[in-house]
Amino acid sequence: MGSVQESKFTGMEIGTSTIKVAICSVDVHYRIRLLGWGEVPSIKVVKGDVKDQPFVSEQIARAIEKAESQAGVRVVDTNVYLLLPGGYVHLVNTSGCVELENEQVITPDHLVLANREGRYQTKDSTSMVIQTFTKEYRLDEDRVVRTPVGLRSSILEAHVVSIVAKQARIDSFAHPVIENLNRSLNDVIYTPLSLSYALWQEEGGIAYDGCLIIDIGAGVTSYALIIGKDLYTVGHITVGCDHAANDLSVAFALPIASTRKILRDFQRLNCSVVARSDERSRSRFISADQGLGGGSKMLPASSVEQIVHLRFQELFGIINKRMNDEEAWSQMTGGILLCGGGARLPGMCELAELMFRHPVEVVCAVDVEGPRDIVGNPANVSVFGAIRQGRMEQDIDEQNYPGDAWGQIKKFFKSLLRW
């Protein structure tokens, strides 16, 4: 499909809570215009694992039909990108070194060579590298830099992160989508990578330089530390809002559907993720449906808040430890950005500030035009990120480079993609 002023792209997410299909047009400045949106419940998916392929395929078909009816565009006629949940991948760190005689000035060609040397080679045909990014470069005397071009050194070492997945698992996950399209996908995109693209804008580049973005989903939480136009670290934890709902279900012997509803209604119920111990909270009760004609059960609000608080405190603690292990906090110059459905829970920003000791805000995808309840919803950040990433990858692949500095950067990435 040739690149034009506005190309059509579809982003798809098969999540634990919902299946989303977004048909969009993306212009040459990577501004997104939402044409059609389809969203349906994701009932037979657990942490990104498809438990019933025929049923999930039917749900995908429903979401596609909704999006197509709004857009007046068939998904099959667009570039289609599917978000890949974290449970399907693992990250491998490697490095490649190039020696430079007489402390040469480093050029983009040297970067390509160093990255080639550091490229991860899968041990067999059952695994594949779906994406890579360069975390940092090291020069003489252990100097760590992000952009070494123009500097002098006798050694250039690239630290490369490869996102590796089992081919069979990707095929299984993508099968219900491919079945509906009757053709292959343009690409699968690791969800944490899509987060930085959702916040990228042509004028001024990344909107939130030096920030850690955390996407709290139903079954998986993704995170990415954004440095300029690059990433320093990404990852995922198979913990999300459904785990808090499950904790409530076990603690109060309630159906999971009832405790999920409690979380959805947290604001209306005047509850907070930050547990409160004041007298008013202890004396307040929440009505919960026991299911199967069992009537309702009254739950102490303070106990509900405490259980939810502990689950998300644990989640943020895991992210904090990973950031410490990678010495990533020293790279941060900004704050914490929350998105995903969990970001909307009352008190989530306050809890994150208490845990991370950084300013926290809830964000949505930037430069996206469409209904506010969709494009302004933090739960949809990763879908729009996948669409913008797809457009950028298409431009790189087709060598459509603008004549500015970003165009030169894309030329460099083009050479890396063609290893």
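Anything mentioned here points back to the structure above.
Residues numbered from 1 in each chain as written. Predicted model: local features only at pLDDT ≥ 70, side-chain atom pairs only at ≥ 80, totals over all residues. Heavy atoms only, no water.

**Student:** Kindly report on the overall build of the protein, identifying the contributing residues and their values.
**Tutor:** Secondary structure assignment for the protein yields 12 helices and 21 strands. Relative to the 2.2 N^0.38 estimate, which gives 22 Å for 419 residues, the radius of gyration of the protein is 22 Å and therefore close to what a compact globule would have. With respect to the three principal axes, the spread of C-alpha positions in the protein is 80 × 50 × 40 Å. The proportion of buried residues among the 419 residues of the protein is 54%. When contacts within the protein are restricted to residue pairs at least 6 apart in sequence, those whose partners lie at least 24 apart make up 66%. (Helix = DSSP H or I, 4+ residues; strand = E, 2+ residues; numbered from the N terminus. Rg over C-alpha atoms; globule rule 2.2 N^0.38 Å. Buried < 20%, exposed > 50% of the residue type's maximum accessible area, 1.4 Å probe, protein only. Contact = heavy atoms within 4.5 Å.)

**Student:** Which residues make up the environment of Trp 329, and what values go with them?
**Tutor:** Mapped onto the elements of the fold, Trp 329 is located in the loop between α8 (301–325) and β19 (336–339). Along the chain, Trp 329 and Glu 314 lie 15 residues apart, while their C-alpha atoms are 18 Å from each other. Apart from residues no more than four positions distant in its own chain, Trp 329 is found in contact with Leu 212, Asn 320, Met 323, Asn 324, Ile 336, Phe 356 and His 358. A polar contact is formed between the side chain of Trp 329 and the side chain of Asn 320, at a distance of 3.1 Å. (Polar contact = N/O pair within 3.5 Å; in protein donor to acceptor, adjacent residues only side chain to side chain.)

**Student:** Break down the pairing of strand β1 (residues 6–14) for me, citing the residues and quoting the values.
**Tutor:** The buried fraction of β1 amounts to 7 of the 9 residues, a majority that puts the element mostly inside the structure. By the bridge criterion, 9 bridges tie β1 to strand β2 (residues 18–27) in an arrangement that is antiparallel. In the strand pairing of β2, Phe 9 is matched with Cys 24. Counted between consecutive antiparallel strands, the loop separating β1 from β2 contains 3 residues. Sheet topology note: the β1/strand β6 (residues 79–84) ladder contains 4 bridges and is parallel. By the bridge assignment, Thr 10 is partnered in β6 with Val 80. (Pairing = 2+ DSSP bridges.)

**Student:** Summarise the nonpolar core; cite the residues concerned and give the values.
**Tutor:** By size, the foremost hydrophobic cluster in this structure holds 68 residues, and its most contacted members are Ile 14, Leu 82, Ile 213 and Phe 384. Grouped together as the second largest cluster of nonpolar side chains are 46 residues, Ile 214, Ala 245, Leu 299 and Val 308 included. (Core = buried A, V, L, I, M, F, W, Y, C linked by side-chain atoms within 4.5 Å.)

**Student:** So what about the pattern of salt bridges? Which residues, and what values?
**Tutor:** Taken as a whole, this structure holds 14 salt bridges when the rule is applied. Ionic pairing is found between Asp 242 and Arg 260, a salt bridge with its closest N-O pair at 2.8 Å. Of this pair, Asp 242 sits in helix α5 (residues 241–252) while Arg 260 sits in helix α6 (residues 256–264); the two residues are 18 residues apart in sequence, bridging distant segments of the chain. Take Arg 260: its relative accessible area is 34%, and that puts it in the partly exposed class. One salt bridge connects Lys 321 with Asp 325, and the closest N-O pair in it is separated by 2.9 Å. Here Lys 321 and its partner Asp 325 are both found in helix α8, 4 residues apart, which amounts to about one turn of the helix. Accessibility expressed as a relative area gives 52% for Lys 321, which makes it exposed. Each of Glu 136, Arg 138 and Asp 142 takes part in a single network of salt bridges with overlapping partners. (Salt bridge = Lys/Arg side-chain N within 4 Å of Asp/Glu carboxyl O.)

**Student:** Tell me what's going on with the sheet that holds strand β14 (residues 211–216), and back it up with residues and numbers.
**Tutor:** Spatial ordering of the open sheet is given by β16-β15-β14-β19-β20, a layout of 5 strands whose pairing is mixed. Both outer strands of the open sheet, β16 (230–237) and β20 (360–362), are each paired with one neighbouring strand and no more. Here the average twist between neighbouring strands, direction ignored, is 20°. Contacting β14, β15 (221–227) and β16, α8 runs over the sheet at an angle of about 145° to β14. (Axes fitted to C-alpha atoms, helices over the stretch in contact; angles between N-to-C directions.)

**Student:** How would you summarise the environment of Pro 54 if you had to cite specific residues and measurements?
**Tutor:** Mapped onto the secondary structure, Pro 54 falls in helix α1 (residues 53–71). Residue class for Pro 54 comes out exposed when judged on its relative accessible area of 56%. Each C-alpha atom of the pair Pro 54 and Pro 176 lies 7.4 Å from the other, and the pair is 122 residues apart in sequence.

**Student:** For the sheet that holds strand β8 (residues 127–139), give the residues involved together with the corresponding values.
**Tutor:** Spatially, the 4 strands line up as an open sheet ordered β7-β10-β8-β9, and their pairing is antiparallel. The sheet terminates laterally at β7 (89–99) and β9 (143–145), the two strands that pair on one side only. Between one strand axis and the next, the sheet turns through 35° on average, direction left out of account. As judged from the 3 bridges shared by β8 and β9, these two strands associate in the antiparallel manner. By the bridge assignment for β9, Leu 139 is matched with Arg 143. Its contacts with the sheet place helix α3 (residues 167–181) against β8 and β10 (155–166), and it is angled at close to 55° to β10.

**Student:** Break down the layout of surface pockets for me, with residues and values.
**Tutor:** Its boundaries defined by the atoms lining it, the second largest pocket holds a volume of some 1,200 Å³. If you trace the second largest pocket, you find 44 residues lining it, with Ser 17, Thr 18, Gly 217, Ala 218 and Gly 341 closest to the centre. Contributions of two or more residues to the lining of the second largest pocket are made by β1, β2, β4 (45–46), β6, β14, α5 and α6. (1 Å grid on protein atoms, 1.4 Å probe; cavity = no way out; pocket = protein on both sides within 12 Å on 5 of 7 lines; lining within 4 Å. Points joined across faces, edges and corners; volume = space filled by probe spheres on them.)

**Student:** Help me get a handle on the packing of aromatic side chains, residues and values and all.
**Tutor:** Overall, the coordinates contain 5 aromatic pairs when judged by the stated rule. An aromatic cluster is built from Phe 316, Trp 329 and Phe 356, whose rings are joined through pairwise contacts. (Phe/Tyr/Trp six-rings, centres within 6.5 Å; stacked < 30°, edge-to-face > 60°.)

**Student:** Tell me about the packing of α5 against α6, residues and numbers included.
**Tutor:** Between α5 and α6, whose axes approach to 8 Å, the crossing angle comes to 120°. Relative to α6, α5 is oriented oblique. When the axes of α5 and α6 are compared, the crossing they make is right-handed. On α6, the residues touching Cys 241, Asp 242, Ala 244, Ala 245, Asn 246, Leu 248 and Ser 249 of α5 are Ile 256, Thr 259, Arg 260, Ile 262 and Leu 263. (Parallel < 35°, antiparallel > 145°, perpendicular 65-115°, else oblique. Left-handed = near helix turned anticlockwise from the far one by under 90°.)

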